Amino acid sequence: MSEEFRVLYLTADPTPEPELPDGPGSGLSVETVDSVAELDDRLRADGADCVVVCEDRDRDDGLAEVHETHAETVPFVHVTTDPALDATAVVGDGVLHTLTDDQPVPFRELAAYVSTSVDFTDAANRFAVFAHHAQDAVVTTDSDGRVTETNPAVADIFGFEDGELEGEDLSRLLPEDGGDRTLLPPFAPDDEGPARQWQPVRFTATDADGDDVPVLVTFGRFETTSGIHYTGVIRDVSQRERLESELESHLERVTDAFFALDTEFRFRYVNERAAELIEVDGDAVVGDLVWDRFPEAADSRFQAKYEHALETQEAVSFEEYFPPLSTWFSVRAYPSETGLSVYFRDVTERKEREQALERKRDELEGLAQLNRVLQQVNETLVNAANRTMVEQTVCEELVESSLFAAAWLGRVDSRRDTVELATSAAHDEFEPEARVPVSEVVTHPAGQAVASQSVERVDDLASLDSGDPWVEVAREHGFRSVAAVPVSYKGSQYGVVTVFATKPGVFTEGVVEALSQLRNVVGLAINATERRAALIADGTIQIELTLRDATNPLFRAVDENGVTATLEGATALDDHTFVEYFTITGGPDESFFDTVRSFDHVEGCSVLEQDSDEALVTLTVVDPPISTQLAEHGGTVRRIVVEDRSAELVAELPKSGSIRSLIDSFEQTFDSVDLRAKRERKRPERRVSEFRSTLEEQLTDRQREALEAALQDGYFEWPRESDAEEIAATLDISSPTFHEHLRAAQQKLFTDLFDVPAPDHERDVRAGERS
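Residues numbered from 1 in each chain as written. Predicted model: local features only at pLDDT ≥ 70, side-chain atom pairs only at ≥ 80, totals over all residues. Heavy atoms only, no water.

S.K.: Looking at this structure, I do not really get the sheet that holds strand E14 (residues 327-336). What am I missing?
M.R.: Taken in spatial order, the 5 strands make up an open sheet running E12-E11-E15-E14-E13, and their pairing is antiparallel. Each edge of the open sheet carries a strand with a single partner, namely strand E12 (267-270) and strand E13 (316-322). Adjacent strand axes in the sheet meet at a mean angle of 25°, parallel and antiparallel pairs treated alike. Pairing of strand E11 (residues 257-262) with E12, which is carried by 3 bridges, proceeds in the antiparallel orientation. From the neighbouring strand, Ala 260 faces E12, where its bridge partner is Tyr 269. (Pairing = 2+ DSSP bridges. Helix = DSSP H or I, 4+ residues; strand = E, 2+ residues; numbered from the N terminus. Axes fitted to C-alpha atoms, helices over the stretch in contact; angles between N-to-C directions.)

Printed below as a string of structure tokens:
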């Protein structure tokens, strides 16, 4: 045998680490083989001093047969990172030993172990060669723990002279208080099995000057003809620990959080900042599998990115939200052959700012788009021919916006306390519920909106009980949020618009505020179409109502003064202000008129004519409840008689008008409302020639002459081309007389045109007689 100790290393990795000296006189030769067949051929041809088998082998590749063939002449050593792994299952019976090694394979230590554990004829020579060239200290003791041999590295590392330790107790080099002595010789009788053989232990040695030296120590027991001996390898790890300390100090000083994972994704190191951010004990988690410690990260983007980095050996960077910690992390992971270095920061505050800005930007863009839609709704509603077209237009225009996926409009049925579907529009085939109960406690926002008369919304449909059918239907169509806007105008409820969106949180305060415009816009449009329908309809519905209210100021004043007030006619100055003409019978005095003038809604009261029993007065009234509410439903007043704290009302409504809705509106104002009669009234068709003939019969010659002169001389133009004095002069009458004739002609013309009952006061006749 040569002086070299020859090792055959069966491994899939052709380059053992660290690189070892080779050639004559090096003392150790390591040759790698990558197959069992090649190992068998080399052993048969040249033999070897030792075979080292890596754990990474196929258990059915014939290794056990090769081991059985050569085990008597060559020792086999099994190297594994798992001390619980059974070498018999990998190599076969009679393996010399199984070593645990989390560092590159320690061939020199193996050589020392094999040299002193196998009874070779020239074992002493091999040990001497190995020990002489080893860079680590090699020490042998007897069964009492006294040093029998040392190699030159003992002097280099610890400063002892050659042979100075021989005969000394091992505690001279490895003191009693230096660490765990259960792994140092002599082993206890019960611990001399494989569990104590060559197990590394961190120890504090003492050099020749008495200074501490951190070392990694591993000892093995062997028995020869001369007795029991222990051989150990002592490695100086002071430089490594210094570097590790510097690295750890550096990692603790970095502003980023940092942790290191091995190739199995187990924690190797966690700095203080990382421990704080991920809420762990940095020392306690070392060795734990990251997916066990954070199961929520398994099968997530974190795992996918980390695995990709290790597989490709390329760095990755990404940002991801981790729900268990309610934190956004910015992560950079750098791979190596030994694992993964992960640097990360808590960027939650920045992400929340970005998300808030994005939401604000989306909201502003959505509001701009919504305002354009609302403007289009306004423009379209102006030309809507009827209520159905108004309702359909609203739904279609809303769905044209990218904000909304569906919209439906329902009408209020006050008798059933429900909202009945009128029309809808959607991007797909969406069928909304046909009837929704009106209540503030129902889950459907449409029912809530009508009950509360305010916009109701659900920011996320996932928060509602899925047992409600309408919720299930909405979710099936991908809807995530919903809002409902009540439709009304001047106290009259027309329905509710319900809008769906495919994203949660769409209906922000700004969007709700914009949608609130629909309340009066749509209500006004419906009201206008009903009024227009009433004007052009060839027939109307005439109703007679009795309104009672003990607190109504006009009713009370009439009752307290023993008079009766009869409405002769009314004119709307605008949507809120009306001029009403009343005949007061029963001898009204000035105190009655003063009381009427004091009413909050009365802006003016003028007595036009008065005698001992009756008076004709005009009242300028803001939002009178009867006239206003009738106008809002497209109706007009035909007659009102107020006496005994009640009013008998005769009114006309378009055929399309809702009598029930009008009565509901009155019931909110008066104590009681009784419907006494309802009948259809057909408007007579009148030709132009018939209208002209009637006027010719009713107008006197002077009235017709004054009217024609006023038209021809530009009296009705603005600015006037002629004034009253000039026209009166051409007619050879006074200016007051001209005015009297003109007003009488106009009154007859409009009375006949609008089919208004003629007044009892024939002032035009008297004026004609005076002329």
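Picking up where we left off.
S.K.: When you look at unusual backbone geometry in this model, what are you seeing that I'm missing?
M.R.: Going from Pro 185 to Pro 186, the amide bond is cis rather than trans, its omega being -5°. By secondary structure assignment, the location of Pro 186 is in the loop between helix H6 (152-158) and strand E8 (201-206). Here Asp 644, not a glycine, exhibits a phi torsion of approximately 55°, which is positive. Its location among the elements puts Asp 644 in the loop between strand E27 (636-643) and strand E28 (646-654). The class for Asp 644 is exposed, based on a relative accessible area of 59%. Backbone geometry at Asp 732 places phi at a positive 65°, although glycine is not the residue there. Here Asp 732 lies in the loop between helix H23 (724-731) and helix H24 (735-753). Since its relative accessible area comes to 70%, Asp 732 is described here as exposed. (Buried < 20%, exposed > 50% of the residue type's maximum accessible area, 1.4 Å probe, protein only.)

S.K.: Would you take a moment to explain the sheet that holds strand E17 (residues 418-426) for this structure?
M.R.: Pairing between the strands of a sheet comes from backbone hydrogen bonds, and it takes one of two forms, parallel or antiparallel. Strand order across the open sheet formed by 6 strands is E18-E17-E16-E21-E20-E19, with antiparallel pairing between neighbours. What marks the edges here is a single partner per strand, and that holds for strand E18 (435-437) and strand E19 (456-458). Between one strand axis and the next, the sheet turns by 25° as a mean value, whatever way the strands run. Looking at chain direction, strand E16 (residues 406-413) and strand E21 (residues 492-501) are connected through 5 bridges and run antiparallel. In the strand pairing of E21, Trp 408 is matched with Thr 498.

S.K.: Would you explain the packing of aromatic side chains in this entry?
M.R.: The description of two aromatic rings rests on the distance between their centres and on the angle between their planes. Under the definition given, this model contains 23 aromatic pairs. Relative to Phe 500, the ring of Phe 430 lies with its centre 5.3 Å away and its plane at 70°, an arrangement referred to as edge-to-face. Of the two residues, Phe 430 is situated in the loop between E17 and E18 and Phe 500 in strand E21; the sequence distance between them amounts to 70 residues. Residue Phe 430 is classed as buried on the basis of its relative accessible area, which comes to 8%. In this structure an aromatic cluster arises from ring pairing among Phe 265, Trp 291, Phe 294, Phe 302, Tyr 306, Phe 318 and Phe 322. For Lys 351, the ring lying beneath its charged end belongs to Trp 328, and the centroid distance is 4.4 Å. The ring centre of Tyr 715 lies 4.0 Å from the NZ or CZ of Arg 720, which sits over that ring. (Phe/Tyr/Trp six-rings, centres within 6.5 Å; stacked < 30°, edge-to-face > 60°. Lys NZ or Arg CZ within 6 Å of the ring centre and 35° of its normal.)

S.K.: Would you mind going over helix H2 (residues 63-70) with me for this structure?
M.R.: An α-helical turn contains 3.6 residues, so any two residues separated by three or four positions project in the same direction. Regarding H2, the residues found buried are Leu 63, Val 66, His 67 and His 70. The buried residues of H2 occupy an angular sector of 100° when projected down its axis, which confines them to one face. (Arc of directions from axis to C-beta.)

S.K.: Explain H23 here, please?
M.R.: Along H23, the residues classified as buried are Ala 724, Ile 727, Ala 728 and Leu 731. Seen from one end, H23 has its buried residues packed into an arc of 100°, which puts them on one side. Seen from the open side of H23, the exposed residues pointing more than 90 degrees away from its buried face are Ala 729 and Thr 730. Downstream of H23 by a residue or two, Asp 732 has a phi angle that is positive, lying close to 65°.

S.K.: Help me out: how do you make sense of the nonpolar core in this one?
M.R.: Buried together is how nonpolar side chains tend to be arranged in soluble globular proteins. Counting 37 residues, the largest nonpolar core has Ile 543, Leu 547, Phe 592, Ile 626, Leu 630, Leu 649 and Phe 666 as its most contacted members. In contact with Ile 543, other than residues within four places in its own chain, are Leu 649, Val 650, Ala 651, Leu 653, Ile 659, Leu 662, Leu 675, Ala 677 and Lys 678. By size, the runner-up hydrophobic cluster in this structure holds 34 residues, among which are Cys 395, Val 399, Val 499 and Phe 507. (Core = buried A, V, L, I, M, F, W, Y, C linked by side-chain atoms within 4.5 Å. Contact = heavy atoms within 4.5 Å.)

S.K.: What should I look at first to understand the pattern of salt bridges in this one?
M.R.: Pairing between side chains becomes possible if they bear opposite charge and their charged atoms approach one another. Inspection of every chain in the model, using the stated rule, returns 37 salt bridges. The partner of Arg 676 in a salt bridge is Glu 648, and the shortest N-O contact between them spans 3.9 Å. Taken together, the residues span a long stretch of sequence, with Arg 676 in strand E29 (residues 672-682) and Glu 648 in strand E28 at a distance of 28 residues. We classify Arg 676 as exposed; its relative accessible area is 54%. You can call Glu 648 partly exposed: its relative accessible area is 35%. (Salt bridge = Lys/Arg side-chain N within 4 Å of Asp/Glu carboxyl O.)

S.K.: Quick question: what am I supposed to make of the pairing of strand E25 (residues 602-610) here?
M.R.: As paired strands, E25 and strand E26 (residues 614-622) are joined by 7 bridges and run antiparallel to one another. Across the sheet, Cys 605 pairs through a bridge with Leu 619, a residue of E26. Here E25 folds back onto E26, and the loop between the two strands holds 3 residues.

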